[in-house]
Amino acid sequence: MALLQIAEPGQAAAPHQRKLAVGIDLGTTNSLVASVRSGVSETLADDKGEHLLPSVVHYAKDETVVGIAAEEVAAQDPKNTIVSVKRFLGRSLADIQATWPNLPYQFVTDETQPNNIQLDVAGKIKTPVEVSSDILQVLKQRAEATLGDELTGAVITVPAYFDDAQRQSTKDAAQLAGLNVLRLLNEPTAAAIAYGLDSGQEGLVAVYDLGGGT
């Protein structure tokens, strides 16, 4: 038993309260959710045993499909299947179209808010934040089903080059998905920590990020 416990006024910790947090890689190509269980970090699988979730969202008139099923219909219905939405977060329409001039999507833009782009998919207007939120919701549901309780929070990795607008868009997507963002962590930093660089060992280590967007 602890002899002394310090907490903010009115926020004393309940000693037996179970709190669950996860780490999420919201990737350009694929996404993952992981947690530490019995002292070991491991990625969490869906009910079919799949750990990787393709970062693809297909919008139909009456349903939204995320992951492998969405990826399978991308070639047949590219206009309504959003692939690699992470590339669009916090960027202007002009920037997106200059970088990827042959995208099949129908963009809608508000001239008063050039960085607030929207996509017309299956008669619905969706922002990149909302599309990203649909991916994060699936990961959240997977984690809660696997861990057996509601999540307290999540650490989400982002590219080191993400600017403030892109980081804020990532936070907005997570909050829209019902996730409490504990921290945004640069992907190379996350890789370094996973490798064990926080253990105090000495030496020269190079960290490479070979992600789909890189």
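Residues numbered from 1 in each chain as written. Predicted model: local features only at pLDDT ≥ 70, side-chain atom pairs only at ≥ 80, totals over all residues. Heavy atoms only, no water.

## Comments concerning the pattern of salt bridges
1) Next: Scanning the model with the defined rule gives 4 salt bridges in all.
2) Next: Salt-bridge contacts for Glu 187 lead to Lys 86; the nearest nitrogen and oxygen are separated by 2.8 Å. Residue Glu 187 is located in helix α5 (residues 187–195), and its partner Lys 86 is located in the loop between β7 (81–83) and α2 (93–99); the two are separated by 101 residues in the primary sequence.
3) Next: For Arg 91, the salt bridge goes to Asp 95, with nearest N and O atoms at 3.0 Å.
4) Next: Among the residues examined, Asp 95 registers a relative accessible area of 31% and is labelled partly exposed. (Salt bridge = Lys/Arg side-chain N within 4 Å of Asp/Glu carboxyl O. Helix = DSSP H or I, 4+ residues; strand = E, 2+ residues; numbered from the N terminus. Buried < 20%, exposed > 50% of the residue type's maximum accessible area, 1.4 Å probe, protein only.)

## Notes on the sheet that holds strand β5 (residues 56–59)
1) Next: Across the sheet, 3 strands lie side by side as β6-β5-β7; this open sheet has antiparallel pairing. The strands lining the two open edges of the sheet, one partner per strand, are β6 (64–66) and β7. The average undirected angle you get between the axes of adjacent strands in this sheet is 15°.
2) Next: Sheet analysis places β5 next to β7, joined by 3 bridges and oriented antiparallel. When the sheet's bridge partners are listed, Val 57 is paired in β7 with Ile 82.
3) Next: The strands that helix α3 (residues 128–147) touches are β5, β6 and β7; relative to β5, the one it contacts most, it runs at about 110°. (Pairing = 2+ DSSP bridges. Axes fitted to C-alpha atoms, helices over the stretch in contact; angles between N-to-C directions. Contact = heavy atoms within 4.5 Å.)

## Notes on the packing of aromatic side chains
1) Next: In the structure shown here, the tally under the stated rule is 5 aromatic pairs.
2) Next: Seen from their ring centres, Phe 88 and Trp 100 are 6.2 Å apart, and the 70° between their planes marks the pair as edge-to-face. Within this pair, whereas Phe 88 is found in the loop between β7 and α2, its partner Trp 100 is found in the loop between α2 and β8 (107–110), the two being separated by 12 residues in sequence.
3) Next: Cluster of aromatic residues (ring-pair linked, three or more members): Phe 88, Trp 100, Tyr 105 and Phe 107.
4) Next: For the cation-ring pair, Lys 86 lies above Phe 162, with the distance from its terminal atom to the ring centre recorded as 6.0 Å.
5) Next: Of note, Arg 87 hangs over the ring of Trp 100, and the distance from its end group to the ring centre comes to 4.7 Å. (Phe/Tyr/Trp six-rings, centres within 6.5 Å; stacked < 30°, edge-to-face > 60°. Lys NZ or Arg CZ within 6 Å of the ring centre and 35° of its normal.)

## Points about the packing of α3 against helix α4 (residues 164–176)
1) Next: Relative orientation of the contacting elements α3 and α4 amounts to 50°, with a least axis distance of 8 Å. By the angle class used here, α3 and α4 are oblique. The interaxial crossing formed by α3 with α4 has right-handed handedness. From α3, Val 129, Glu 130, Ser 132, Ser 133, Leu 136 and Gln 137 reach across to α4, where they touch Ser 169, Asp 172, Ala 173, Ala 174 and Leu 176.
2) Next: Classifying every residue of the contact of α3 with α4 by side-chain character gives 5 nonpolar, 4 polar and 2 charged. (Parallel < 35°, antiparallel > 145°, perpendicular 65-115°, else oblique. Left-handed = near helix turned anticlockwise from the far one by under 90°. Nonpolar A, V, L, I, M, F, W, Y, C, P; charged D, E, K, R; others polar.)

## Considerations on the nonpolar core
Side chains that are nonpolar tend, in soluble globular proteins, to be buried together.
1) Next: By size, the foremost hydrophobic cluster in this structure holds 39 residues, and its most contacted members are Val 22, Ile 24, Ile 82, Phe 88, Phe 107 and Leu 136.
2) Next: Secondary structure elements with two or more residues in this core: β1 (21–25), β5, α2, β9 (113–121), α3, β11 (153–158), α4 and β12 (181–186).
3) Next: The biggest single contributor to this core is α3, with 7 residues.
4) Next: Not counting chain neighbours up to four residues away, the residues in contact with Val 22 comprise Val 33, Ala 34, Ser 35, Ala 143, Leu 147, Leu 151, Gly 153, Ala 154 and Val 155. (Core = buried A, V, L, I, M, F, W, Y, C linked by side-chain atoms within 4.5 Å.)

## Considering α3
1) Next: If you check α3, its first and last C-alpha atoms are 28 Å apart, about what 20 residues at 1.5 Å a residue would give, namely 28 Å.
2) Next: Along α3, 14 of the 20 residues are buried, which leaves the element largely enclosed by surrounding structure.
3) Next: Positive backbone phi, at 80°, marks Gly 148, one or two positions downstream of α3. (Expected span 1.5 Å × (residues − 1).)

## Considering the confidence of the model for the protein chain
1) Next: With 87% of its residues at a pLDDT of at least 70, the protein chain reaches an overall mean of 86.
2) Next: Considering only residues more than four positions removed or in separate chains, one finds that residues 1–6, a stretch of pLDDT under 50, has 1 contact. (pLDDT = per-residue confidence, 0-100.)

## Some remarks on the environment of Ala 165
1) Next: Position of Ala 165 among the secondary structure elements: in helix α4.
2) Next: For Ala 165, a relative accessible area of 37% translates into the label partly exposed.
3) Next: Here the alpha-carbon distance between Ala 165 and Gly 90, two residues 75 residues apart in the chain, equals 4.9 Å.

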